[in-house]
Amino acid sequence: MLIIDLSCLNSTYGGGLRSFSLDLASAIYFEREKKLKTIILGSKQLKDSIKDYPELINLEWFEYDERLYKIFLKSLSLVSIFSYFLNYPYLLVVMKKLFGKIFFRRIEPGSILLSTNSTLSFYKSNCKTILCIHDIQHEIYPENFSLKNYALRYWRYRVSLKLSDFIQVSSKAIHSDLKKYIPNCVNKVFLAEEGFNERKFNPTCLDSIPKIIEKQNIKNFIFYPAQFWKHKNHVNLIRALNLLENHNINIPYLISSGKDYGTLSECMNLSKQLNVKFLFVGFLTKKELIWCYRNSLATISSSYHESSCLTLKEAVACGVKSIAFSDIKANEDLTFLPNAFKFDPFDKESIAKTILKIIKINDYTLSETGFNLIKKFTWKEIYKRKYSSYIRKAELL
């Protein structure tokens, strides 16, 4: 039995973890070994919210009520903080085991548990666990976290890594981070890139202009889909756009989507101060996201630390004109593409020069051929190449 644990998702969350979890689960549905029974672990409310994934709804579910699960999460948070200040995770381990024993009794001994989150919500000693870890930001950038939020993460991550049989990472960058900060788990790590869902991101899928962009009649823009964390480096991107003032060109808007984790007000104030055209659009629907990919001069990523380059892959699949990205490990997979430009994220002049190249592009090779060039990064292909072998290995443990 294969259990796909989607307990990290609730019915309203719309971030990247949702796409990763549901698209991986969808790929498993279409490509899994038929003899291996596959079950979804998730809330009733989540099941009701994923009408665009009928294949998952048709699977068997171990359901629970989202409201009751929130009570457990609050208790887990208190235990996590307590464990951090005690510098001992025993209570956290006991609680995870107890939760698995009481709430998920239906999980058969010997089952394979695939957790799409960076931490395990529960632990069952008679199951084999594959953990998908997305980043360890709190270890690398502790200054971005309050003491409470750092304490919440510290032992939950370390215990989950210790209790897992296999650990999936999306890039060499995450593998390097684990090797540096939590080295005792690296012998269990395997690399499987984040894929894109070719049924939802392709040259023919429908799009829709976001109302705020339509209202302001914005035609000339670069698009940066990223949460507003400090390491996402929106600030240097704004400063780079300001450097283009003396180039006698139509300087594009910077349109950014996502959620604020502490730097949005700084970006808005800086853009006003430097007279840079900046628009924050918040969370976008899938159709709106695709419209932004297709109609931007470029989809860009100026982050100085990333776990993967998924948004850039999605943009290429949908027909973006060009992409631009930081010269970091997570983006190495895309350097072979036409109209793909890399820059030094710490150097605003390097970013500015790249934007100048983008503005002057009149070659649309990437928008015409991009989907075929990156087919190897679809979830279907990545599951066949990477995940399936580790699921088979877990069966044999």
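Here the structure is a predicted model, which means the values were calculated and not measured. (Residues numbered from 1 in each chain as written. Predicted model: local features only at pLDDT ≥ 70, side-chain atom pairs only at ≥ 80, totals over all residues. Heavy atoms only, no water.)

(A) Region of interest: the pattern of salt bridges. Taken as a whole, this structure holds 12 salt bridges when the rule is applied. Lys-47 is paired through a salt bridge with Glu-63; the nearest N and O atoms lie 3.2 Å apart. Residue Lys-47 is located in helix H2 (residues 44-49), and its partner Glu-63 is located in strand S3 (residues 60-64); the two are separated by 16 residues in the primary sequence. Note on Glu-63: relative accessible area 36%, which makes it partly exposed. Between Asp-52 and Lys-200 there is a salt bridge, with its nearest N and O atoms 4.0 Å apart. Highlighted residues: Asp-52 in the loop between H2 and helix H3 (54-57) and Lys-200 in the loop between strand S7 (189-191) and helix H9 (211-216), separated in sequence by 148 residues. The partly exposed category is assigned to Asp-52, whose relative accessible area is 41%. Within this structure, Glu-193, Arg-385 and Lys-386 form a network of salt bridges that share partners. (Salt bridge = Lys/Arg side-chain N within 4 Å of Asp/Glu carboxyl O. Helix = DSSP H or I, 4+ residues; strand = E, 2+ residues; numbered from the N terminus. Buried < 20%, exposed > 50% of the residue type's maximum accessible area, 1.4 Å probe, protein only.)

(B) How the structure looks around the pairing of strand S11 (residues 298-301). The two faces of S11 match: Ala-298 and Ile-300 on one face and Thr-299 and Ser-301 on the other face are all buried. With two bridges joining them, strand S8 (residues 221-225) and S11 adopt parallel strand pairing. Bridge pairing in S11 links Phe-223 to Thr-299. Bridging between S11 and strand S12 (residues 323-326) involves three bridges; their strand directions are parallel. Bridge pairing in S12 links Ile-300 to Ala-324. After leaving S11, the chain enters helix H13 (residues 310-318) and then returns to the sheet as S12, a path that is right-handed. (Pairing = 2+ DSSP bridges. Right-handed = clockwise from strand over helix to strand, strands pointing away.)

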